[in-house]
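Chain by chain, the residues run as shown.
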Amino acid sequence: CSHFVLLDTTSVLGELGWKTYPINGWDAITEMDEHNRPIHTFQVCNVMEPNQNNWLRSNWISRQAAQKIYVELRFTLRDCNSIPWVSGTCKETFNLFYHETDEAHSVKFKPQQYTKIDTIAADESFTQMDLGDRILKLNTEVREVGPMTRKGFYLAFQDIGACIALVSVRIYYKKCPFTLRNLASFPDTVPRVDSSSLVEVRGACIDHAEERDTPKLFCGADGDWLVPLGRCVCSIAYEEIDGSCTACHPGFYKAYAGNIRCSKCPPHSFSYGEGAAICHCETGFFRAESDPPTMACTRPPSPPRNLMFNLNDTCLMLEWSHPSDTGGRRDLTYNVQCKRCGPEPDQCQFCEEELRFLPRPLGLTDATVTIMDFSAHANYTFEIESLNGVSDISSFPRQVAIITVSTDQGGPSLVGSLKKDWASPNSIALSWQQPEQTTMLILDYEIKYYEKEHEQLSYSSTRTKAPSVIISGLKPATWYVFCVRTRSPAGYSSYTPKYEYKTTGDSSDIASDQGQVLVIVTAAVGGFTLLVILTLFLLITGRCQWYFKAKMTSEEKRTNYQNGHGPFPGIKTYVDPDTYEDPTQAIHEFTKEIDPSRIRIERVIGAGEFGEVCSGRLRTPGKKEIAVAIKTLKGGYVERQRRDFLREASIMGQFDHPNIIRLEGVVTKRPLGVPGPHFENHWLCCVCVFAGRPVMIVVEYVENGSLDSFLRQHDGHFTVIQLVGMLRGIASGMKYLSDMGYVHRDLAARNILVNSNLVCKVSDFGLSRVLEDDPEAAYTTTGGKIPIRWTAPEAISYRKFSSASDAWSYGIVMWEVMSYGERPYWEMSNQDVILSIEEGYRLPAPMGCPVALHQLMLHCWQKERSHRPKFTDVVTFLDKLIRNPSSLLPLVEDIQSLPESPGEEMDYPMFISIGDWLDSIKMTQYKSNFMAAGYNTLDSVARMNIEDVRRIGVELIGHQRRITSSVQTLRLQLLHEQEKGFHV
Ligand code: ADE
């Protein structure tokens with residue numbers, strides 16, 4: 001509960017001990033109720049005697065944390081008319097006072113120390129006849145007192161001759177109660193006394209939760225928590241269940257903090273205890289370092305299968321099949337190990353170094369490898385091992401596939417070394433010795449060579465019959481590797497070891513550089529020529545139409561609009577003055593020039609960006625003089641300022657609607673033959689008269705000025721119907737603008753003017769200039785200047801302004817109106833406003849706001865702009881509310897104040913059966929009463945009044961009230977249901 005009680009006389013068991021002065025004034029009466037609990041009542045009824053001054057003073061009451069207190073009095077009051085002979089002496093009010101002190105007084109009561117809170121009158125007084133019927137009409141009145149600064153206070157009641165029984169006094173203060181939101185806890189918080197400012201409270205994450213975005217709530221003046229921002233999330237190993245973070249059950253885990261549930265352990269893993277962040281692998285299964293916790297545990301693969309070799313003159317190719325068990329992973333690779341063995345099995349040596357493996361010996365991804373440079377007379381044993389990402393972790397012995405290959409195919413080995421005879425930049429000459437004891441015919445020699453830097457990638461070979469060769473076509477200054485083998489009828493010998501020789505490097509480098517330069521120049525010239533040809537081609541074939549389009553004259557653009565190519569064909573559409581090359585032409589077209597001698601300036605009423613705003617009179621021959629407002633452009637302006645200033649007039653001049661400020665005309669020319677200043681009171685207002693040409697915009701005078709300050713000055717003064725009437729006018733003006741294709745972009749109460757009949761007029765036109773002028777407009781990250789609190793999210797994020805974004809702003813204006821000029825989102829920062837809107841928060845209904853209007857606001861604040869109402873829908877809807885005022889009776893707080901009412905704030909459920917409806921207001925016990933009386937449809941219930949509710953047997957007054965109040969809501973909802981195509 002948001003009320004914290006400091007005193008409740010109905011729950012004080014002993015004596016109250018309140019003092020009365022004089023002693024024969026107020027009377028303290030204590031009776032016992034049926035539960036033997038005392039009922040403390042104070043009575044006074046000296047209605048026959050004049051000049052009564054009877055005081056009743058409470059004990060000292062500690063203020064505790066309260067800054068503002070509420071005093072709720074329940075009392076009965078006798079109607080003076082029902083008592084004979086008391087007309088001069090009987091009163092029907094009493095006075096409520098308080099006095100703040102830091103401690104209880106022991107000194108005498110001094111009424112002059114007390115400050116008056118209010119005069120209390122009864123809503124209902126009772127008569128002699130009521131007494132006969134034993135009906136006592138109980139009144140409940142609540143008063144606010146604050147700010148309180150001392151440690152405590154006394155209350156005092158002054159009677160001046162009324163007949164009163166004070167039945168109970170309850171004193172409480174409001175606080176936002178301890179709450180848990182978004183996994184954060186927020187302490188009891190006392191609101192600020194100033195009802196327009198909120199207390200920002202940071203939440204603390206609950207156990208086993210951690211902060212994501214700083215959790216915040218704002219404590220409102222009525223003890224309601226508003227605008228939840230940010231949140232906490234459950235830590236690793238914990239998941240959110242019913243608003244708290246609970247440890248994962250055995251067999252489950254949660255590896256990351258966040259609002260995700262615990263997951264079942266992946267295959268081949270387990271968790272025994274509660275609260276596992278990760279599941280452990282079963283024996284024989286592993287998790288690689290880079291494996292995510294969500295992945296199954298895996299094991300090393302089985303060995304490769306079906307290992308085979310294929311040997312020819314130069315290559316030995318090994319091939320195998322993939323293992324039957326990959327271990328549950330995809331990162332399978334193979335390593336090849338070579339052993340060269342002598343006659344005895346233990347005479348083996350590793351031989352990878354001697355051989356060349358293509359592509360490589362380790363980390364193979366294909367099930368094949370090619371081996372070269374092997375000796376002709378050798379036994380090689382190859383072991384192929386399959387591996388995956390967990391092979392290194394596993395301690396199991398490696399399993400390999402083994403094959404032995406004999407390369408003994410004959411052919412004499414080359415003896416003697418290979419030597420370089422000479423080298424040039426592109427050639428190397430080599431020679432070698434013939435094999436010494438050769439019995440076999442040598443057919444030829446094969447010389448293999450490759451660039452040292454690109455070893456393994458590719459090689460070249462050449463043959464020669466002589467024991468020497470000149471290898472040409474080489475790169476200058478480059479190292480090459482060479483080896484040679486013999487070919488005999490028995491096959492190839494093994495290769496000689498590798499020899500490395502370098503070509504020389506010289507002038508050919510330069511030649512090749514020049515070659516490159518030439519290539520680049522040729523390519524550039526060719527590219528440019530191609531570009532020229534392509535451009536000519538596009539021009540000729542008309543593909544450059546966009547270029548010519550951009551040059552379309554503004555005249556054409558305007559004609560397009562006026563011919564009905566604007567938003568609504570056939571309807572007059574707005575023409576943007578910026579489409580005129582010469583802005584003066586727009587002024588001529590849309591405004592009337594006024595001779596300044598027809599204007600009389602009277603006083604300054606405000607200041608605009610360009611100069612003062614004055615009020616005055618305008619004379620028009622043959623017409624009644626009218627009151628006007630004159631916007632002026634101050635002296636020393638530059639041409640650009642003059643153009644921007646008059647731009648607003650060119651826009652306004654196109655509109656003609658009772659809810660749009662009317663332009664009377666402009667003054668842009670100095671009257672002929674009038675040399676100097678020519679206005680009465682000109683010194684008050686227009687600097688412009690003296691310097692340069694006078695420039696003014698003359699509009700109708702709107703008596704009550706801007707809507708926001710007007711509402712603030714008249715807080716609580718209007719009926720709901722009057723407020724809805726104002727909103728209807730604004731919506732009608734906006735419908736007119738949107739039908740014309742004009743988007744306002746700065747619709748806000750400060751830009752609406754109110755006349756003496758409460759007719760609202762949309763003003764402040766001029767798009768970008770308006771925003772420059774608007775103190776509410778702030779720069780966004782994209783550089784635009786935007787009034788954040790009034791602007792739709794898509795317009796803030798990517799400047800998508802439309803009539804739908806105006807509808808969003810209209811919803812904010814509704815909120816401003818219903819809260820009598822409260823600042824939207826109070827003093828939250830612009831950043832917090834953007835964030836909260838993004839998170840789905842919307843402004844709550846202002847105090848006393850009918851449900852129907854708050855629902856319309858929420859409709860205007862739909863994220864998806866196509867779901868927002870059109871202004872024509874808004875006008876129709878408000879018209880219906882005005883024609884059917886009972887639809888405005890259910891207030892949002894009526895619905896929200898139901899104890900444990902279902903749904904969150906702003907959630908008014910649509911009921912489907914009488915049972916559901918009664919359940920939702922905790923009145924299920926009356927279901928049979930409704931049924932027995934024949935109320936079996938919601939429609940029939942919606943027509944019930946309080947008498948009907950009594951008649952069906954609901955006896956308790958509180959229950960009658962609760963049911964009747966909900967019936968009104970129901971009626972409204974059914975009414976909305978009937979609104980075709982406009983469900984709220
Ligand atoms: N303030 C700005 N324009 C006004 C107008 N037209 N009437 C009254 N006050 C204004």
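Here the structure is a predicted model, which is why all the values come from computation and not from measurement. (Residues numbered from 1 in each chain as written. Predicted model: local features only at pLDDT ≥ 70, side-chain atom pairs only at ≥ 80, totals over all residues. Heavy atoms only, no water.)

S.K.: What is the right way to look at the overall build of the protein chain in this model?
M.R.: Along the backbone of the protein chain there are 21 helices and 49 strands. The buried share of the protein chain, reckoned over its 984 residues, is 47%. Pairs at least 24 residues apart make up 64% of the contacts formed inside the protein chain by residues separated by at least 6 positions. (Helix = DSSP H or I, 4+ residues; strand = E, 2+ residues; numbered from the N terminus. Buried < 20%, exposed > 50% of the residue type's maximum accessible area, 1.4 Å probe, protein only. Contact = heavy atoms within 4.5 Å.)

S.K.: What is the right way to read the pattern of salt bridges from this model?
M.R.: Opposite charge on two side chains lets them pair, provided their charged atoms get close. Tallying each qualifying case throughout the model produces 45 salt bridges. Across the salt bridge formed by Arg-642 and Glu-639, the nearest N and O atoms sit 3.6 Å from each other. Of the two residues, Arg-642 and Glu-639 both sit in helix α6 (residues 639-652), three residues apart, roughly one turn of that helix. Judged by relative accessible area, which is 7%, Arg-642 ranks as buried. Linked by salt bridges that have partners in common, Arg-600, Glu-602, Arg-617 and Glu-625 make up one network. (Salt bridge = Lys/Arg side-chain N within 4 Å of Asp/Glu carboxyl O.)

S.K.: Where do I start with the UniProt feature "binding site: ATP" (unreviewed entry) in the protein chain in this structure?
M.R.: What UniProt calls "binding site: ATP" (unreviewed entry) maps, in this numbering, to Ile-605, Gly-606, Ala-607, Gly-608, Glu-609, Phe-610, Gly-611, Glu-612, Val-613 and Lys-631. A compact arrangement is adopted by the annotated residues: their sequence extent is 27 residues, whereas the largest C-alpha distance between any two is 14.1 Å. Within the secondary structure, Gly-608 sits in the loop between β41 (599-607) and β42 (612-618). On the secondary structure map, Phe-610 appears in the loop between β41 and β42. (UniProt positions renumbered as here; feature names shortened; annotations may be inferred.)

S.K.: When you look at the nonpolar core in this model, what are you seeing that I'm missing?
M.R.: Side chains of a nonpolar character, in soluble globular proteins, are inclined to be buried together. Of all hydrophobic cores here, the largest spans 93 residues; its most connected members are Phe-655, Leu-707, Ile-730, Phe-765, Tyr-810 and Leu-878. Within the second largest apolar cluster, 31 residues are counted, among which are Leu-6, Leu-16, Ala-162 and Val-169. (Core = buried A, V, L, I, M, F, W, Y, C linked by side-chain atoms within 4.5 Å.)

S.K.: Sorry if this is basic, but what is going on with the site of the ligand here?
M.R.: The immediate surroundings of the ligand are formed by Ile-605, Ala-629, Ile-661, Val-699, Glu-700, Tyr-701, Val-702 and Leu-753. Glu-700 is positioned with one of its backbone polar atoms (N or O) 3.0 Å from a nitrogen atom of the ligand. With respect to the ligand, the backbone of Val-702 contributes an N or O atom lying 2.9 Å from a nitrogen atom. Taken together, the residues that form the shell around the ligand break down as seven nonpolar, no polar and one charged. (Near = heavy atom within 4 Å. Polar contact = N/O pair within 3.5 Å; in protein donor to acceptor, adjacent residues only side chain to side chain. Nonpolar A, V, L, I, M, F, W, Y, C, P; charged D, E, K, R; others polar.)

S.K.: Explain the environment of Pro-303 here, please?
M.R.: Here Pro-303 shows up in the loop between β24 (280-281) and β25 (305-311). We classify Pro-303 as buried; its relative accessible area is 19%. Along the sequence, Pro-303 and Thr-326 sit 23 residues apart, while their C-alpha atoms lie 9.1 Å from each other.

S.K.: Any chance you could explain the state of the cysteines here in plain terms?
M.R.: A covalent bond between the sulfur atoms of two cysteines is referred to as a disulfide. One pass over the structure, following the stated rule, counts nine disulfides. In this model, Cys-80 is linked to Cys-90 through a disulfide, with the two sulfur atoms separated by 1.9 Å. Disulfide Cys-80 to Cys-90: torsion about the S-S bond roughly -80°, handedness left-handed. With Cys-80 in the loop between β7 (69-77) and β8 (93-101) and Cys-90 in the loop between β7 and β8, the pair connects residues that are ten residues apart, well separated along the chain. Accessibility expressed as a relative area gives 10% for Cys-90, which makes it buried. (Disulfide = S-S within 2.5 Å.)

S.K.: Mind showing me how you'd approach the environment of Leu-56 here?
M.R.: By the element assignment, Leu-56 lies in strand β5 (residues 54-57). Sequence spacing of Leu-56 and Leu-155 is 99 residues, and the spatial spacing of their C-alpha atoms is 8.4 Å.

S.K.: Is there a simple way to think about the UniProt feature "active site" (unreviewed entry) in the protein chain in this case?
M.R.: Here the UniProt feature "active site" (unreviewed entry) sits at Asp-746. Mapped onto the elements, Asp-746 comes out in the loop between α9 (720-740) and β46 (752-754). In this structure the side chain of Asp-746 is engaged in a polar contact, spanning 3.4 Å, whose partner is the side chain of Arg-750.

S.K.: In this structure, what is going on with the pairing of strand β18 (residues 225-234)? I would like to understand it.
M.R.: Working note: regular strand, side chains alternate between the two faces of the sheet. In terms of residue burial, β18 counts as a mostly covered element, since eight of its ten residues are buried. Judged from the seven bridges that link them, strand β17 (residues 209-219) and β18 form a sheet pairing that is antiparallel. Bridge pairing in β18 links Asp-213 to Arg-231. (Pairing = 2+ DSSP bridges.)

S.K.: Explain the side chain of Ser-391 to me, please; I cannot follow it from the model alone.
M.R.: Within the secondary structure layout, Ser-391 lies in the loop between β31 (379-387) and β32 (400-406). The exposure class assigned to Ser-391 is buried, which follows from its relative accessible area of 10%. Ser-391 has contacts with Pro-300, Pro-301 and Ser-386, leaving out every residue within four places of it along the chain.

S.K.: How should the sheet that holds β31 be read in this particular structure?
M.R.: Remark on secondary structure: sheet strands pair via backbone hydrogen bonds, oriented parallel or antiparallel. Ordered by their spatial adjacency, four strands build an open sheet running β28-β27-β31-β32, and the pairing between neighbours is antiparallel. Strands with a single pairing partner mark the edges of an open sheet, and in this sheet they are β28 (348-350) and β32. Neighbour-to-neighbour, the strand axes of this sheet turn through a mean angle of 30°, independent of strand direction. (Axes fitted to C-alpha atoms, helices over the stretch in contact; angles between N-to-C directions.)

S.K.: How do you make sense of unusual backbone geometry when you look at a structure like this?
M.R.: Peptide bonds are mostly trans, and most non-glycine residues show a negative phi. Residue Tyr-21 is joined to Pro-22 through a cis peptide bond whose omega torsion reads -10°. Mapped onto the elements of the fold, Pro-22 is located in the loop between β2 (19-21) and β3 (27-32). Residues Gly-146 and Pro-147 are joined by a peptide bond in cis, for which omega reads 0°. Checked against the element boundaries, Pro-147 lands in the loop between β10 (139-145) and β11 (152-159). One non-glycine residue, His-208, adopts positive backbone phi at about 65°. Note that His-208 resides in the loop between β16 (204-205) and β17. Unlike most non-glycine residues, His-268 shows phi in positive territory, near 65°. Positionally, His-268 belongs in the loop between β22 (263-264) and β23 (269-270).

S.K.: What's the story with the sheet that holds strand β15 (residues 199-202) in this structure? I'm lost.
M.R.: With respect to topology, three strands assemble into an open sheet ordered β15-β17-β18, the strand pairing being antiparallel. The open sheet has two edge strands, β15 and β18, and neither has a second partner. Neighbour-to-neighbour, the strand axes of this sheet turn through a mean angle of 15°, independent of strand direction. Strands β17 and β18 of the sheet are contacted by helix α13 (residues 830-838), whose axis makes an angle of about 70° with β18.

S.K.: Hey, could you run me through helix α15 (residues 871-883) in this one?
M.R.: It helps to recall that an α-helix has 3.6 residues per turn; residues three or four apart then point in one direction. An ideal rise of 1.5 Å per residue puts 18 Å on 13 residues; α15 measures up with 18 Å between its terminal C-alpha atoms. Turning to α15, its buried residues are Phe-871, Val-874, Val-875, Phe-877, Leu-878 and Leu-881. Looking straight down α15, one finds that the buried residues subtend no more than 170° of arc, so they occupy a single side. (Expected span 1.5 Å × (residues − 1). Arc of directions from axis to C-beta.)

S.K.: Got a minute to help me understand the pairing of β7 in this structure?
M.R.: Counting buried positions along β7 yields eight of nine residues, so the element is predominantly enclosed. Two elements, β7 and strand β12 (residues 163-174), share eight bridges in a ladder whose sense is antiparallel. Bridging across to β12, Glu-72 finds its partner in Arg-170.

S.K.: Help me out: how do you make sense of the packing of helix α12 (residues 803-818) against α15 in this one?
M.R.: Packed helices, taken two at a time, are described by their axes: the angle between them and the distance between them. Packing of α12 against α15 brings their axes to within 10 Å, and their N-to-C directions diverge by 35°. Between α12, through Ser-803, Asp-806, Ala-807 and Tyr-810, and α15, the contact on the second element is made entirely by Phe-871, Val-874 and Leu-878.

S.K.: In this structure, what is going on with the packing of aromatic side chains? I would like to understand it.
M.R.: Any pair of aromatic rings gets described here by the distance separating the centres and the angle formed by the planes. Taken as a whole and judged by the stated rule, the model has 30 aromatic pairs. Taking the centre distance of 6.4 Å and the plane angle of 40° together, the rings of Tyr-480 and Phe-482 count as tilted. For Tyr-480, a relative accessible area of 5% puts it in the buried group. For Phe-482, a relative accessible area of 0% translates into the label buried. Summarising the aromatic geometry, the rings of Phe-655 and Tyr-742 are spaced 5.4 Å apart at their centres and angled 65° between planes, so their arrangement reads as edge-to-face. With Phe-655 in the loop between α6 and β44 (663-667) and Tyr-742 in the loop between α9 and β46, this pair connects stretches of sequence that are 87 residues apart. Given the relative accessible area of 1%, Tyr-742 is considered buried. An aromatic cluster is built from Tyr-21, Trp-55, Phe-97, Phe-109 and Tyr-114, whose rings are joined through pairwise contacts. Here Lys-174 stacks its cationic end above the ring of Tyr-70, 4.5 Å away from the centre of that ring. Above the face of the Trp-790 ring, Arg-750 is positioned so that its terminal group lies 4.1 Å from the ring centre. (Phe/Tyr/Trp six-rings, centres within 6.5 Å; stacked < 30°, edge-to-face > 60°. Lys NZ or Arg CZ within 6 Å of the ring centre and 35° of its normal.)

S.K.: I tried to follow a nonpolar patch on the surface on my own but got confused; where do I start?
M.R.: Residues Ile-236, Tyr-256 and Ile-260 make up a contiguous nonpolar surface patch of about 280 Å² in total accessible area. Its location among the elements puts Ile-236 in the loop between β18 and β19 (238-241). Since its relative accessible area comes to 39%, Ile-236 is described here as partly exposed. (Patch = residues over 30% accessible without salt bridge, like charges linked within 9 Å, V, L, I, M, F, W, Y side chains within 5 Å. Areas by Shrake-Rupley, 256 points an atom, 1.4 Å probe, with all protein chains shown as cover.)

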